Amino acid sequence: MIEGHGDDIYRYDDLVKMNFSSNVYQHTDLTALQQHLKDSFDLISNYPEPQPRSLERLIALKEGISPEAVLVTNGATEAIYLIARHFHGSASVIPQPTFNEYADACRQHGHIISYENNDEMTQLPRDRVYWVCNPNNPSGNVLMKGFMDYVVRRSPRYTFVVDQSYEAYTKEPLLQAREMMDTTNLIILHSLSKTYGIPGLRLGYMTGHPSIIQLLRQRRHPWAMNALSIEAGKFLLKQGKPAVENLDEYLEETERFRSNLREIQGVRVFETKTNYMLCELDAIKASALKFYLIHEHGMLIRDCSNFYGLSDHFFRVSTQRPEENDALVAAIQEYLKE
């Protein structure tokens, strides 16, 4: 398990007042969900469903697919480790930089891992698992839907795990589960946690051909999901609102935020198709900037030095409220001047 995730707010007690480290929007109105869970609190007196089939049926209805093509997981992270376990000892290709959990899960389950070095690729077995984060974390890049569809269909020997956890934070077209049910070599990961701004409840799911979902279902232990998480998922699918209700406006603010960050001398800001962006400092380490922002301004950013292929000068931020974004820009400028 990787300890160096974003949103490590638990390390800092109540120091953090503005959280830019998680890619999830921090100001979602969860009032209705909170009240519903209070009203449903008696659910904890009994065991939940051993397998959250009622929630899977609702997701299947939303996706326009069979319930047998859906597997609800304890966050997208459980799905990653479950898939790595199923393909124990396989060759896995993980383009970098990307979410570190893929490589960690593969190492735990004896995979031969390639980070897409040409020499490594020629030595790998022909049967491979390709892990693709799309939108990618931490870069915010998005691969074209048509390209992904083409690659999956022309390579039936390979298994593709396409993590679309941040699909609610981009306007770029992505793979749709209902359009890919004729393929048996694709697993798509989804995150209700991120879509609805509830990462603490750990709600994810995967979609794929029923044949592969059935094999993965057999490998998981019962009662992986608690009763309140299942109830929250059902409530949100029926009447919940996404974390970002006006995505156009939010991404416009992201571009304004990015432009302001680019004006800071000594900071390079990369292109993004999402609400988060990768930044690089010229002369100082991201850990030093992170320490300063926490202790002087109560702001938390993501130190990206533990991403494979990135130096200790990289950090990542996500778009929050305009006034918070402006405050972060001013704080970074202040630190670099000092």
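Everything discussed here concerns the structure shown above.
Please read all numbers here as calculations on a predicted model, not as lab measurements. (Residues numbered from 1 in each chain as written. Predicted model: local features only at pLDDT ≥ 70, side-chain atom pairs only at ≥ 80, totals over all residues. Heavy atoms only, no water.)

**Focus on a nonpolar patch on the surface**
A contiguous nonpolar patch, built from Leu143, Met144 and Phe147 and spanning about 320 Å² of accessible area, is present on the exposed surface. Note on placement: Met144 falls in the loop between strand S5 (128-133) and helix H6 (145-154). (Patch = residues over 30% accessible without salt bridge, like charges linked within 9 Å, V, L, I, M, F, W, Y side chains within 5 Å. Areas by Shrake-Rupley, 256 points an atom, 1.4 Å probe, with all protein chains shown as cover. Salt bridge = Lys/Arg side-chain N within 4 Å of Asp/Glu carboxyl O. Helix = DSSP H or I, 4+ residues; strand = E, 2+ residues; numbered from the N terminus.)

**Things to note about the environment of Gln320**
Within the element layout of this structure, Gln320 appears in the loop between strand S13 (314-318) and helix H12 (322-337). Once the C-alpha coordinates of Gln320 and His36 are considered, the two residues, 284 residues apart in sequence, prove to be 26 Å apart. Side-chain polar atoms of Gln320 contact the backbone nitrogen of Gln26, separated by 3.0 Å. Of the polar contacts made by the side chain of Gln320, one reaches the side chain of Ser318; its length is 3.0 Å. (Polar contact = N/O pair within 3.5 Å; in protein donor to acceptor, adjacent residues only side chain to side chain.)

**Some details on the sheet that holds strand S8 (residues 204-208)**
Read from one edge of the open sheet, seven strands run S2-S8-S7-S6-S5-S3-S4, paired in mixed fashion. Two strands bound the open sheet, and with one partner strand each, they are strand S2 (70-73) and strand S4 (112-114). In this sheet, adjacent strand axes meet at a mean angle of 20 degrees when their direction is disregarded. Direction of pairing for S5 relative to strand S6 (residues 159-163): parallel, over a ladder of five bridges. Bridge pairing in S6 places Val132 opposite Val162. (Pairing = 2+ DSSP bridges. Axes fitted to C-alpha atoms, helices over the stretch in contact; angles between N-to-C directions.)

**Quick look at the side chain of Ser92**
Relative to the helices and strands, Ser92 is located in strand S3 (residues 91-93). Ser92 sits in the buried class, given a relative accessible area of 0%. Residue contacts for Ser92: discarding those within four places in its chain leaves Cys106, His111, Ile112, Ile113, Ser114, Val129 and Trp131. (Buried < 20%, exposed > 50% of the residue type's maximum accessible area, 1.4 Å probe, protein only. Contact = heavy atoms within 4.5 Å.)

**Details of the pattern of salt bridges**
Should the charged atoms of two oppositely charged side chains come close, the side chains can pair. Counted by the stated rule, this structure contains 17 salt bridges. Taking the shortest distance from any N to any O, the salt bridge between Arg157 and Asp127 comes out at 3.0 Å. In this pair, Arg157 is assigned in the loop between H6 and S6 and Asp127 in the loop between helix H5 (118-123) and S5, connecting sequence segments 30 residues apart. Looking at Arg157, the relative accessible area reads 43%, which means it is partly exposed. The partner of Lys171 in a salt bridge is Asp248, with the nearest N and O atoms 2.5 Å apart. A residue pair is termed long-range when its members are at least 10 positions apart, and Lys171 in the loop between S6 and strand S7 (186-191) and Asp248 in helix H10 (residues 247-262) qualify at 77 residues. What makes Asp248 partly exposed here is its relative accessible area of 40%. Residues joined by salt bridges that share partners form a network here, namely Asp8, Arg11 and Lys290.

**With respect to unusual backbone geometry**
Between Asn134 and Pro135 the backbone carries a cis peptide bond, its omega angle lying at 5 degrees. Relative to the helices and strands, Pro135 is located in the loop between S5 and H6. Positive phi, close to 55 degrees, is recorded for Arg202, a residue that is not glycine. Positive phi is not limited to glycine here, since Trp223 has a value of about 55 degrees. When you line up the elements, Trp223 lands in the loop between helix H8 (210-217) and helix H9 (227-239). The exposure class assigned to Trp223 is partly exposed, which follows from its relative accessible area of 42%.

**Brief notes about helix H2 (residues 53-63)**
Taken together, the buried positions of H2 are occupied by Ser54, Leu55, Glu56, Ile59, Ala60 and Glu63. Next to the buried residues of H2 lie S2, S7, helix H7 (192-195), S8, H8 and H9. Looking one or two residues beyond H2, the residue adopting positive phi is Gly64, at roughly 75 degrees.

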